[in-house]
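# Reading the structure
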Amino acid sequence: MRVVVEEDTEAASRWAAWQIAELVRRKPDAVLGLATGGTPIRCYGELIRLHREEGLDFSRVRTFNLDEYVGLAGDHPQSYRCFMNEHLFGQINIPLENTHVPSGTEDDYDRFCEAYEDAIRAAGGIDLQLLGIGRDGHIAFNEPGSSLASRTRLKALTQETIDDNARFFNDADQVPVLAVTMGVGTILDAAQCLLLAVGAGKASAIRMAVEGPVTSQVTASALQLHRQATVVLDEEAAAWLQRREYYDRSERARRARLSP
Ligand code: F6R
């Protein structure tokens, strides 16, 4: 697992955006796995800047989002579809039909989830999956106890996640308690995983995910089993890492090898 620590939130978010931009330049029809929440907003802001100022072209990119609240239609202001349209899709040149966010209003979720997995496979699989992390170590909505082999399915949210997400709703009672989410197994199938975490609130989860045992109690720890997983952090999110010095040394060696 590659661990990159940048000096602040802006720099970590830019770094994540540049990895995505580099892929899109190299592979204009790349398949991106995307996340919502507070964390990726600055990263998306940098992608929008690169599109506007440097012509980064998203016209052939395809995207699949990790998750959606069950019970919210795509036009609900707190739906993840709305979030993505507002914070990214509506500000770059990606055709909306190339973007996929799980639906929050299906009758038959078994069929829907299977079709979502089929659509990812039909697109050739996800080239790069962007992830955030919950304070309990979840990725997507794979809460503690989720199978590390899980696929797209419905999950109940923990009280901690409901409380964390209440800040996006007017009233805590309005936070949905169920979500449709890619599974840990779905995420691990991506060719590359990029987890972005910023702020002191994520330091404990990052310590568990990066240096703790691989366990379904901290689903982000499954990334330790991935061949190409990178965790990019700001100083605050990295604060509890025990082997920080080693990660920095590895990163310096890597950059020295790559620079001419
Ligand atoms: C959102 C998602 C979640 C968030 C996580 C962190 O699509 O998959 O796992 O990444 O809950 O959320 P923030 O970034 O709001 O702290």
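Now for a quick tour of the structure.

What counts and what doesn't
- Residues numbered from 1 in each chain as written.
- Predicted model: local features only at pLDDT ≥ 70, side-chain atom pairs only at ≥ 80, totals over all residues.
- Heavy atoms only, no water.
- Near = heavy atom within 4 Å.
- Polar contact = N/O pair within 3.5 Å; in protein donor to acceptor, adjacent residues only side chain to side chain.
- Areas by Shrake-Rupley, 256 points an atom, 1.4 Å probe, with all protein chains shown as cover.
- Pairing = 2+ DSSP bridges.
- Helix = DSSP H or I, 4+ residues; strand = E, 2+ residues; numbered from the N terminus.
- Axes fitted to C-alpha atoms, helices over the stretch in contact; angles between N-to-C directions.
- Parallel < 35°, antiparallel > 145°, perpendicular 65-115°, else oblique.
- Left-handed = near helix turned anticlockwise from the far one by under 90°.
- Contact = heavy atoms within 4.5 Å.
- Nonpolar A, V, L, I, M, F, W, Y, C, P; charged D, E, K, R; others polar.
- Phe/Tyr/Trp six-rings, centres within 6.5 Å; stacked < 30°, edge-to-face > 60°.
- Buried < 20%, exposed > 50% of the residue type's maximum accessible area, 1.4 Å probe, protein only.
- Core = buried A, V, L, I, M, F, W, Y, C linked by side-chain atoms within 4.5 Å.
- Patch = residues over 30% accessible without salt bridge, like charges linked within 9 Å, V, L, I, M, F, W, Y side chains within 5 Å.
- Salt bridge = Lys/Arg side-chain N within 4 Å of Asp/Glu carboxyl O.

For the ligand, the set of nearby residues contains 14 residues, the closest of which are Thr-39, Asp-67, His-138, Ala-140 and Lys-202. Contact between the ligand and Thr-36: an oxygen atom at 2.8 Å from a side-chain N or O atom of the residue. When the ligand sits alone it has 410 Å² of accessible area, and the protein chains cover 93% of it.

A few words now on the sheet that holds strand β7 (residues 153-156). The strand order across the open sheet built from 3 strands is β4-β8-β7, with neighbouring strands paired in antiparallel fashion. Every other strand in the sheet has two partners, leaving β4 (67-69) and β7 as the edge strands with one partner each. Each strand axis lies, on average, 30° off the axis of its neighbour in the sheet, ignoring direction.

In contact at an axis separation of 8 Å, helix α1 (residues 9-26) and helix α2 (residues 41-54) are set at 50° when each is read in the N-to-C sense. On the basis of the axis angle, α1 is oblique to α2. The hand of the α1/α2 crossing is right-handed. Counting all contacts with α1, which are made through Thr-9, Glu-10, Ser-13, Arg-14, Ala-16, Ala-17, Trp-18, Ile-20, Ala-21 and Arg-25, the residues of α2 involved are Arg-42, Cys-43, Glu-46, Leu-47, Leu-50 and Glu-54. Across the contact of α1 with α2, the residue classes break down as 8 nonpolar, 2 polar and 6 charged.

Another point: the packing of aromatic side chains. Summed over the entire model, instances satisfying the criterion amount to 8 aromatic pairs. Arranged with centres 5.6 Å apart and planes meeting at 75°, the rings of Tyr-69 and Phe-169 form a pair that is edge-to-face. One end of the pair, Tyr-69, is in strand β4; the other, Phe-169, is in the loop between α5 (159-165) and β8 (178-181), with 100 residues separating them in the sequence. By the burial criterion, Tyr-69 is buried, and Phe-169 matches it. A connected cluster of aromatic rings, assembled from ring pairs, spans Phe-64, Tyr-109, Phe-112 and Tyr-116.

In terms of nonpolar packing, the biggest core is built from 43 residues, with Leu-47 and Leu-88 touching the most fellow members. At the level of elements, α1, β2 (31-34), α2, α3 (80-87), β6 (128-131) and β9 (192-197) are the ones that each hand at least two residues to this core. Tallying contributions element by element places α1 first for this core, with 8 residues. Of all hydrophobic cores here, the second largest spans 39 residues; its members include Val-31, Cys-193, Leu-233 and Ala-238.

Taken together, Leu-154, Val-177 and Leu-178 make up a surface patch of nonpolar side chains, about 230 Å² in accessible area. On the secondary structure map, Leu-154 appears in strand β7. Using a relative accessible area of 36% as the deciding quantity, one classes Leu-154 as partly exposed.

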